[in-house]
Amino acid sequence: MSYKEEICEQHSPNLSALRYAFPKTAPVMAGYLVLGAAYGILMSGNGHGIWWPLLISVFVYAGSLQYLGITFFVALVNPWYAFFMSLMLNARHLFYGISMLDKYREAGKLKPYLIFALTDETFSVLCNEEPPKDIPKYMVYFFVSLLDHFYWVAGTFLGAIAGSMITFNTAGMDFALTALFVVIFVDQWKSGKGHWSAVTGIVASVICLKIFGSSGFIVPAMILILGIITSAYYREKRKEKQS
Amino acid sequence: MNQEMISYLLIVISMVAATVITRFLPFIMFPAGKETPPYIAYLGKTLPYATIGLLVVYCLKGVSFQSYPYGLSEALSVVLIVILHHIKGNSLLSIGAGTAFYMILTQLIFR
């Protein structure tokens, strides 16, 4: 065996994980490069250069919060205000965490990073993901998380330095993220499980959107979803007791 | 560092803190060593489905059905994605075709 082959052999489980993970992240790549670039353009356009948007994209790494954060910078808000607004907007992360408790349980050293990098998009790619047995699954989760993080930072960087050079019309490209969520919704539906929960998610969100408007419906929608799922849990438990 | 820089930095630190708290809290409250309470385990099994539904609505929250083009770009694109994905089941194809279709609709047709 040549030296080169030996290297390949040694690294093959991780390499196979990377090979498996990359295509899964392609739709996120499209969405993140565009949304990240738009963020970079907006920040540098407001006179915050390259370093602030880069710093924020690396360490905050939360798309919708970063867009809201542009208004924090413009108004130079009180940090406590920024903190509580961020908590509200990020409350949906609690759902992702609870959903991933089992999945990330044995992730060991990779666990802190996997949790840190659990964005909407990474969650949506990984929540249904079961890699084949011969591929180390935590490495797959890690590479999906890392690649997504990289796309976001790269997009921000490109937007911040080259905002004015974009020549073709990219309007609507960010629809890739909506498309990704719709595709995952269909995948979950086809799996035959969780139909009532999926319908609950849509109906509760639409009702709260109508009542509370687009800027404040997330938290009420989460409370309504939790309430409905909790009542279903107690109904099931009561049934189990009776039988 | 001047005062403005420090104010920006404090805002960034607040955003990082809030994000880290919301992402880590469930894992801190229900650590791997202990058994997760059955109610939380039940939530873990059912919530992902509802959450994706919430995210779909979240993405489409800005669509207006009252003014031209009456949400048609989004509605037609979502229908295309659902049908395509139901038949072919290829994520990249569904997302690529759906996004391209949406871009054509918004840039060329419903201008």
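Below you will find a few notes about this structure. (Residues numbered from 1 in each chain as written. Chains lettered and ligands numbered in written order. Predicted model: local features only at pLDDT ≥ 70, side-chain atom pairs only at ≥ 80, totals over all residues. Heavy atoms only, no water.)

## Points about the overall build of chain A
- For chain A, the helix and strand inventory stands at 11 helices and zero strands.
- Counting from the amino terminus, chain A carries its helices and strands in the arrangement α-α-α-α-α-α-α-α-α-α-α.
- Taking the principal axes of the C-alpha coordinates as reference, chain A spans close to 65 × 60 × 35 Å.
- The proportion of buried residues among the 243 residues of chain A is 49%.
- Only carbon and sulfur atoms are counted for the fraction: they give 67% of the accessible area of chain A, which is about 12000 Å².
- Distance from the positive charge centre (18 side chains) to the negative charge centre (15 side chains) of chain A: 10 Å. (Helix = DSSP H or I, 4+ residues; strand = E, 2+ residues; numbered from the N terminus. Buried < 20%, exposed > 50% of the residue type's maximum accessible area, 1.4 Å probe, protein only. Areas by Shrake-Rupley, 256 points an atom, 1.4 Å probe, with all protein chains shown as cover. Lys, Arg positive; Asp, Glu negative; His and termini not counted. Charge placed at Lys NZ, Arg CZ, Asp CG, Glu CD.)

## With respect to the nonpolar core
- Membership of the largest hydrophobic core comes to 76 residues, with the highest contact counts inside it found for M100, Y104, F123, F217, I225 and I229 of chain A together with L47 of chain B.
- Here this core gets 12 residues from one element, more than from any other, and that element is helix α2 (residues 38–59) of chain B.
- Among residues more than four places away in sequence, those in contact with I225 of chain A are F95, T200, G201, A204 and S205 of chain A together with L47, A50 and L54 of chain B.
- Formed by 16 residues, the second largest nonpolar core is a distinct cluster that contains Y39 and A82 of chain A together with I11 and V12 of chain B. (Core = buried A, V, L, I, M, F, W, Y, C linked by side-chain atoms within 4.5 Å. Contact = heavy atoms within 4.5 Å.)

## Considering empty space enclosed by the protein
- All chains considered together, the criterion is met by one cavity of 30 Å³ or more.
- In this structure, the largest cavity spans a volume of roughly 30 Å³.
- Grouping the amino acids of the lining of the largest cavity by side-chain chemistry returns five nonpolar, no polar and two charged. (1 Å grid on protein atoms, 1.4 Å probe; cavity = no way out; pocket = protein on both sides within 12 Å on 5 of 7 lines; lining within 4 Å. Points joined across faces, edges and corners; volume = space filled by probe spheres on them. Nonpolar A, V, L, I, M, F, W, Y, C, P; charged D, E, K, R; others polar.)

## Regarding the interface of chain B and chain A
- Taken together, the 67 residues of chain B in the interface contact 89 residues of chain A.
- Approximately 7000 Å² of surface area, both sides summed, lies buried where chain B meets chain A, with 78% of it carried by carbon and sulfur atoms.
- When residues of chain B are sorted by the area they lose upon contact with chain A, R23, F27 and Y49 of chain B head the list and together hold 12% of the total.
- Linking chain B with chain A are zero salt bridges.
- The tally of links from chain B across to chain A stands at 15 residue pairs in polar contact (both at pLDDT 80 or more).
- Breaking the side of chain B that touches chain A down by element, the ones donating at least two residues are α1 (3–29), α2, α3 (72–87) and α4 (91–109) of chain B.
- Looking at which element gives the most residues to the side of chain B that touches chain A, the answer is α1 of chain B, with 22 residues. (Buried area = accessible area lost by both parts, 1.4 Å probe. Salt bridge = Lys/Arg side-chain N within 4 Å of Asp/Glu carboxyl O. Polar contact = N/O pair within 3.5 Å; in protein donor to acceptor, adjacent residues only side chain to side chain.)

## Some details on the layout of surface pockets
- Counted as a void, the largest pocket has a volume near 960 Å³.
- In terms of lining residues, the largest pocket is bounded by 36 residues, among which G63 and S64 of chain A together with Y58, C59 and K61 of chain B are the most central.
- Among the elements of the structure, α1 (3–45), α3 (63–75), α4 (79–90), α5 (92–100), α7 (120–126), α9 (175–190) and α11 (218–242) of chain A together with α2 of chain B are those that each provide at least two residues to the lining of the largest pocket.
- Partitioning the lining of the largest pocket into residue classes produces 20 nonpolar, nine polar and seven charged.

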